[in-house]
Amino acid sequence: MTAGPVLAQLDRPATDERVRIAVIADPHVTERERGTWKCYHRTVERFRAALTAADRRGADTVVLAGDLTADGRSGQFDIADGVLGETAVDPLVVPGNHDVPKTFDDHDTPAVAAFEERYGSLPAAETVGPVTLLAVDSASDPGGRLRNTWGGAVGPAQREWLADRAADAAVPIVVTHHPLTGLPEHDGYPWTNFQAGDREAVRSVCRRYGVELVVSAHHHVPALARHSGVTELLSPAVCSFPQATLDLLIGPEGTTVRLVPLADRAGVEEAYHLARGGKALGRGICAMTETRLARLPLST
């Protein structure tokens, strides 16, 4: 699977030893839903393509940045695990808001503890060469305060863990589902569910302990942002236009971020038309994505 255009070229992080990281976000795997701007009927094949691309491109590690499932049904996790089992990929996984129980669900979503039994406990650190990935759960919290919202928060316990681990890491990179920064299009509009509620506190930890990059998802928009001295890379979604993952190559020259397309021309056109002809949220996300794709590479 060949990589597409350069999304961004960053001076930092930079390392003497080259490290390749694949970022897979928002596959929304489902067994029965059809259509919509999330292209539900393509989610299984797109997720399979994402894992295959990471494997073929020789990723040193793979990050799965949340919303593995469409709405947290047990059968969706089973299907996703089946696809994972087809490859040698063993991703570092964080949950998204669709992967954890919500009070408004009309079904029983497995508990967060069950998610961690499948994919590993959180927070979690994974070191690849000089790079240390610090993964936190922004989709759930022990007090249950996120059960009524699609929004997220890292929370004080995980922020303390981040501080401890980042202080000891040569090149720390934080991985979270909910972004720490909003997109410019959100200014003056209450897109509160699209950012971590404690983003200022998390950014403060990142600044203090030398975190050079935050990788997040949830927006479905490939984007690069810088806020209060913290650079954040937002991954596109596997399920929706333009149906892509990210390839990060970190080396002496800095970090090169490329889009990795998962669909052929017909598949991309289908995703585009489903988004443009769907509900307002899908149309808005499609427009934000188009804006960024038209001016690659992105800069902060």
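Criteria and cut-off values
- Residues numbered from 1 in each chain as written.
- Predicted model: local features only at pLDDT ≥ 70, side-chain atom pairs only at ≥ 80, totals over all residues.
- Heavy atoms only, no water.
- Axes fitted to C-alpha atoms, helices over the stretch in contact; angles between N-to-C directions.
- Helix = DSSP H or I, 4+ residues; strand = E, 2+ residues; numbered from the N terminus.
- Parallel < 35°, antiparallel > 145°, perpendicular 65-115°, else oblique.
- Contact = heavy atoms within 4.5 Å.
- Nonpolar A, V, L, I, M, F, W, Y, C, P; charged D, E, K, R; others polar.
- Pairing = 2+ DSSP bridges.
- Buried < 20%, exposed > 50% of the residue type's maximum accessible area, 1.4 Å probe, protein only.
- Arc of directions from axis to C-beta.
- Polar contact = N/O pair within 3.5 Å; in protein donor to acceptor, adjacent residues only side chain to side chain.
- 1 Å grid on protein atoms, 1.4 Å probe; cavity = no way out; pocket = protein on both sides within 12 Å on 5 of 7 lines; lining within 4 Å.
- Points joined across faces, edges and corners; volume = space filled by probe spheres on them.
- Core = buried A, V, L, I, M, F, W, Y, C linked by side-chain atoms within 4.5 Å.

**Here's the deal with the packing of helix H2 (residues 74–84) against helix H3 (residues 112–119)**
Here comes step 1: Orientation of H2 relative to H3, taken along the N-to-C sense of each, is 10°, at an axis distance of 12 Å. Taken together, the axis directions place H2 and H3 in an arrangement best described as roughly parallel. Within the contact between the two elements, H2 uses Ser74, Phe77, Asp78, Asp81 and Leu84 and H3 uses Phe115, Arg118 and Tyr119.
Here comes step 2: For the contact of H2 with H3, the per-class residue count stands at 4 nonpolar, 1 polar and 3 charged.

**So, the sheet that holds strand S6 (residues 131–135)**
Here comes step 1: The mixed open sheet is built from 6 strands, whose spatial order is S5-S6-S7-S8-S10-S9. The open sheet has two free edges, formed respectively by strand S5 (124–128) and strand S9 (223–227), since each of these has just one partner strand. Neighbouring strand axes in the sheet, compared pairwise and without regard to direction, differ in orientation by 25° on average.
Here comes step 2: Inspection of the sheet shows S6 paired to strand S7 (residues 171–175) by 5 bridges, in the parallel sense. Within S7, the residue paired with Ala135 across the bridge is Val175.
Here comes step 3: Across the sheet, helix H4 (residues 156–168) lies against S5, S6 and S7, angled at about 175° from S6, the strand it touches most.

**Considering helix H5 (residues 199–208)**
Here comes step 1: Here H5 has its buried residues at Val202, Arg203, Val205 and Cys206. The arc that holds the buried residues of H5, viewed along the axis, is 155°, so those residues lie on one side.
Here comes step 2: Immediately downstream of H5, the backbone of Gly210 shows phi near 75°, a positive value.

**Here's the deal with unusual backbone geometry**
Here comes step 1: That bond from Arg12 to Pro13 is cis: its omega, 0°, falls within 30 degrees of zero.
Here comes step 2: When you line up the elements, Pro13 lands in the loop between strand S1 (6–10) and strand S2 (19–24).
Here comes step 3: The omega torsion of the bond from Leu296 to Pro297 falls at -5°, within 30 degrees of zero and hence cis.
Here comes step 4: Topologically, Pro297 is positioned in the segment after helix H7 (280–293).
Here comes step 5: Backbone geometry at His218 places phi at a positive 75°, although glycine is not the residue there.
Here comes step 6: Within the secondary structure, His218 is located in the loop between strand S8 (213–216) and S9.
Here comes step 7: With a phi close to 65°, His220 is a non-glycine residue in the positive phi region.
Here comes step 8: By secondary structure assignment, the location of His220 is in the loop between S8 and S9.
Here comes step 9: Overall, the relative accessible area of 3% leaves His220 in the buried class.

**Some remarks on the side chain of Thr176**
Here comes step 1: By secondary structure assignment, the location of Thr176 is in the loop between S7 and H5.
Here comes step 2: Taking the relative accessible area as the measure of exposure, Thr176 reaches 1% and is therefore buried.
Here comes step 3: Separated by 3.2 Å, the side chains of Thr176 and Ser138 make a polar contact.
Here comes step 4: Of note is the side chain of Thr176, whose polar atom sits 3.4 Å from the backbone oxygen of His178.
Here comes step 5: Leaving out residues up to four positions away in the same chain, Thr176 has contacts with Val94, Val136, Ser138, Val214, Val215, Ser216 and Ala217.

**Some remarks on empty space enclosed by the protein**
Here comes step 1: A complete count under the given rule lists 1 cavity of 30 Å³ or more for this structure.
Here comes step 2: Considering only enclosed or pocket space, the largest cavity measures out at about 40 Å³ in volume.
Here comes step 3: What lines the largest cavity is simply Arg20, Ala22, Ala53, Ala54, Arg57, Ala59, Thr245, Leu246, Asp247 and Val260.
Here comes step 4: Residue assignment for the lining of the largest cavity shows that the elements contributing at least two residues are S2, helix H1 (43–56) and strand S11 (244–251).
Here comes step 5: Per-element accounting of the lining of the largest cavity gives the leading share, 3 residues, to S11.

**A short note on the nonpolar core**
Here comes step 1: Within the largest apolar cluster, 32 residues are counted, with the highest numbers of intra-cluster contacts made by Ile21, Val131, Leu133, Ile173, Leu233, Leu246 and Leu248.
Here comes step 2: Looking at which element gives the most residues to this core, the answer is S11, with 4 residues.
Here comes step 3: Among residues more than four places away in sequence, those in contact with Leu246 are Leu7, Ile21, Ala22, Val23, Leu233, Leu234, Ser235, Pro236, Val257, Arg258, Leu259 and Val260.
Here comes step 4: In terms of nonpolar packing, the next biggest core, distinct from the first, is built from 21 residues, Leu51, Val89, Val93 and Tyr119 among them.

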